[in-house]
Amino acid sequence: MPASVYAIIKSSMKCLNISIRGVVQGVGFRPFIHGLATELSVKGYVTNTSEGVVIIAEGDNLETFLERIRTDTPPLARIMSIDISPEEPSGFADFAIRGSRETGSFTLLSPDVSVCDDCLNEMFDKGDRRYLYPFINCTNCGPRYSITRSVPYDRANTTMKVFPMCGKCSDEYGNPSDRRFHAQPDACPVCGPHISLIATTGVHVDERKAPMLEAIRLLKEGMIVAVKGLGGFHIACDATSADAVKRLRERKRRSNKPFALMAPNIEGIKKFCHVSEEEEGLLLSMRRPIVLLEKRGDNTLPDDVSPNNRYIGFMLPYTPLHHLLFRYPAFSESISHFDALVMTSGNLSEEPIVIDNDEAVGKLSGIADAFVVHNRDIFMRVDDSVLRSGKAAADRSWASAATGPSFVRRSRGYVPDPILLGGDGPDVLGCGADLKNTFTITKGRYAIPGQHIGDMENFETLEFFEETLKNIKSVYRAQPVAIGYDLHPGYLSTRWALGQQGVEKIGIQHHYAHIASVMAEKGITGKVIGVAFDGTGYGEDGTLWGGEFLVSDINGFTRAGHLSYVPLPGGEMAIKEPWRIAVSCVKKAAGKEVIEYLKPAGFIERYGIEKIGTILKICEDKTLSPVSSGAGRIFDAVAALTGVCDRNTFEGEAAIALESVAFDNVEEDYPVDVSFRDPMEIDFSMVILSILKDIEAGRDRGVISSKFHNTVAFAVLAAVMKLSAVTGIREVVLSGGVFQNARLLGSVMKGLRAEGLQVYTNELVPCNDGGISLGQAYIVRERIKTGNRA
């Protein structure tokens, strides 16, 4: 505790005004303060304000009182700052929780969190009045962000407003010794929300007829059921049923994109996947994310769950309703627990997750056979978060022991947690990119990234973007004075930003924003060597960038190096069909002998000489074949050459498949041309020709994939070490979607740290385009603070 605080406490003053900011509303903080004050004979009161929590405390134990606030904080609370000032004693007779008051400022909201063990024990206790009640919660668990309309966080400002508490719930709410003291979503079967089941046949099963039993029966029979959760609908089926999974994939038109799965407990997940200690901690945390886990060799799940992928995304139940799906008491032998359920997002392809009952029935009837719905409205739609652990493969030669969990998608359970920035700053908005869109607003000393929006491909997603932005701006009283946007003129997010009136607009190059997202997390304003590897981003010269070495600070960047350009025959079509990029890469490397070099890879048999000839002609036409330096495109080409994947049915599919077949402890690599000119250029032509020789020699594609990964890591290391020697910069930032590849990230970090460099990568937002908005907002904010708008 600061000396100044001790001085205040130890002075003659016996009363303090304590203002606490952070995530301190909706997390049982006021009941905690009330109990602590009662224990220590401190008098006064505590109240919520729109800034946080204010405590007026008087008594003889204020030093202990303050120390215990810091050390005994409730599990869901997060204190960001405590301001203390002396107050004239008022002679309070007791300590009270007073009604909330509006101050015109803002406070931080809590994310939605998993149902706690105490509530679960009550829900499965036949003697409890909430037995089998699917909306059980308390001050330590349950919905927060998804039901909050405004602050202060009181029931009247949530979607629970329409459910007046019954006498028993009111008694709990007003009892300081009760776990539900001032629990805003408190409810029971008498006064709270209820569920029902709607079948596409028109059959309606209400609360009295056990809709959960009917849902379980349908799932057991191989049916597909849409289930309303915390932040939107899931579409569920029995994950162990090959027919059900195949039918769901066909109906959802999900191509090969992996499904998320839910198991009843950790032991259930371990039947199918390897689970490290860190992964188990993530799965069991109150945030309950989806965690990408490595498949067991003897796992019995259908291949259609996660095709051509080493990993499966698993999560544990986080709502009471989820637990009831797995553990509802069976009234007949035909109903039993599931080993695992598919729990994929309830939406049509590329549209936002559905949150409204009528909308779900209208949009998802072509997918689901039945709907488990309820009448508690969702105000903020929130998809599940997805993480992967950097320590899952710590025994492998390429693994870096220093890498921790990283986001693939940051949403439920983590949003709207703030990221602390250096000092106060202006309100600004980073509106993100078009793929994996998020936005970030800054307010005071905080950056608040919004939840995963999705790909900005249609009007529905833009509406989701706008509705969420409006809500968060309102809650946080944010009025952005400037917007950071991507330079790509075709992005819907860019066009939206440029159409906004009365606000300054600042374009931020895509890969610079990737690097800045890490700088924001770490509070870096000085120069770094940034390595931004992704598939595609609009370059300042109008070409497609994606394999970039940038010397960056908050004032700008210099493009110090890049991967050599490769034509993308057919543009967007080449990204969907990586075999086209493979043909282009071989043409670049082999010249007129391209056909001969393609023969060992089986391309002539697969695609035919006429089709390949057409692609070769398209490569010559710059209007049909934009050039790209994208690192992701090289991964695509190698995946196609090796026969691992020649078509991307979802973004990154080929690269994921290539990583999945790589062997763990191969030390070899390929020759690669690193030209130390200005800017540096890394040419993979020799790599492509060497891979074709290995294919001709019959080498296993797992070995080839390993050697390729090693080569990319070596090239990054060589380029960064050269730049460090020339510039004297020892801080390196790695970002961009290609670094979701655990093998590549681990190898690069391990190599750079062995050379004594300080290496940073994303930890609080995804390294993919989901982190772009944070980088945009950070650059704009810091430039406004320093007066540099350039």
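Now for a quick tour of the structure. Source: prediction; values computed, not measured.

### Overview of the pairing of strand β22 (residues 528–538)
Thinking step 1. Within β22, nine of the 11 residues are buried, which leaves the element mostly enclosed by the surrounding structure.
Thinking step 2. Two strands pair when backbone bridges link them, and β22 and strand β23 (residues 544–553) are joined in this way by eight bridges, in the antiparallel orientation. Bridging across to β23, Y538 finds its partner in L544.
Thinking step 3. One ladder, built from four bridges, connects β22 with strand β29 (residues 731–735); its direction is parallel. When the bridges of β29 are listed, V531 appears paired with L734.

### Here's the deal with empty space enclosed by the protein
Thinking step 1. Within the structure shown, the criterion is met by six cavities of 30 Å³ or more.
Thinking step 2. Considering only enclosed or pocket space, the largest cavity measures out at about 130 Å³ in volume.
Thinking step 3. Residues of the lining of the largest cavity, tallied by class, amount to nine nonpolar, five polar and two charged.
Thinking step 4. The volume enclosed by the second largest cavity comes to roughly 100 Å³.
Thinking step 5. As for the second largest cavity, its lining consists of 17 residues, of which G26, V27, G28, Y153 and H182 are closest to the centre.
Thinking step 6. Counting residues per element, the lining of the second largest cavity draws most heavily on helix α2 (residues 29–39), at three residues.
Thinking step 7. The residue inventory of the lining of the second largest cavity, partitioned by class, reads eight nonpolar, seven polar and two charged.

### Regarding the packing of aromatic side chains
Thinking step 1. Applying the stated rule across the entire model yields 16 aromatic pairs.
Thinking step 2. Between F407 and Y414, the ring centres sit 4.9 Å apart and the planes meet at 90 degrees, which makes this aromatic pair edge-to-face. Take F407 and Y414: they sit in the same class, and that class is buried.
Thinking step 3. Ring pairs connect the aromatic residues F439, F465 and W496, which therefore count as one cluster.
Thinking step 4. Sitting over the face of the ring of Y45, R98 holds its NZ or CZ atom 3.7 Å from the ring centroid.
Thinking step 5. Lying over the aromatic face of Y311, R388 brings its terminal NZ or CZ to 4.6 Å of the ring centre.

### So, the sheet that holds strand β3 (residues 53–58)
Thinking step 1. Overall, mixed pairing links the five strands, which are arranged β4-β1-β3-β2-β5 in an open sheet. The outermost strands of the open sheet, each flanked by one partner alone, are β4 (78–86) and β5 (95–97). Strand after strand, the sheet turns through a mean of 15 degrees between neighbouring axes, direction not considered.
Thinking step 2. Sheet topology note: the strand β1 (residues 15–23)/β4 ladder contains eight bridges and is antiparallel.

Conventions adopted
- Residues numbered from 1 in each chain as written.
- Predicted model: local features only at pLDDT ≥ 70, side-chain atom pairs only at ≥ 80, totals over all residues.
- Heavy atoms only, no water.
- Buried < 20%, exposed > 50% of the residue type's maximum accessible area, 1.4 Å probe, protein only.
- Helix = DSSP H or I, 4+ residues; strand = E, 2+ residues; numbered from the N terminus.
- Pairing = 2+ DSSP bridges.
- 1 Å grid on protein atoms, 1.4 Å probe; cavity = no way out; pocket = protein on both sides within 12 Å on 5 of 7 lines; lining within 4 Å.
- Points joined across faces, edges and corners; volume = space filled by probe spheres on them.
- Nonpolar A, V, L, I, M, F, W, Y, C, P; charged D, E, K, R; others polar.
- Phe/Tyr/Trp six-rings, centres within 6.5 Å; stacked < 30°, edge-to-face > 60°.
- Lys NZ or Arg CZ within 6 Å of the ring centre and 35° of its normal.
- Axes fitted to C-alpha atoms, helices over the stretch in contact; angles between N-to-C directions.

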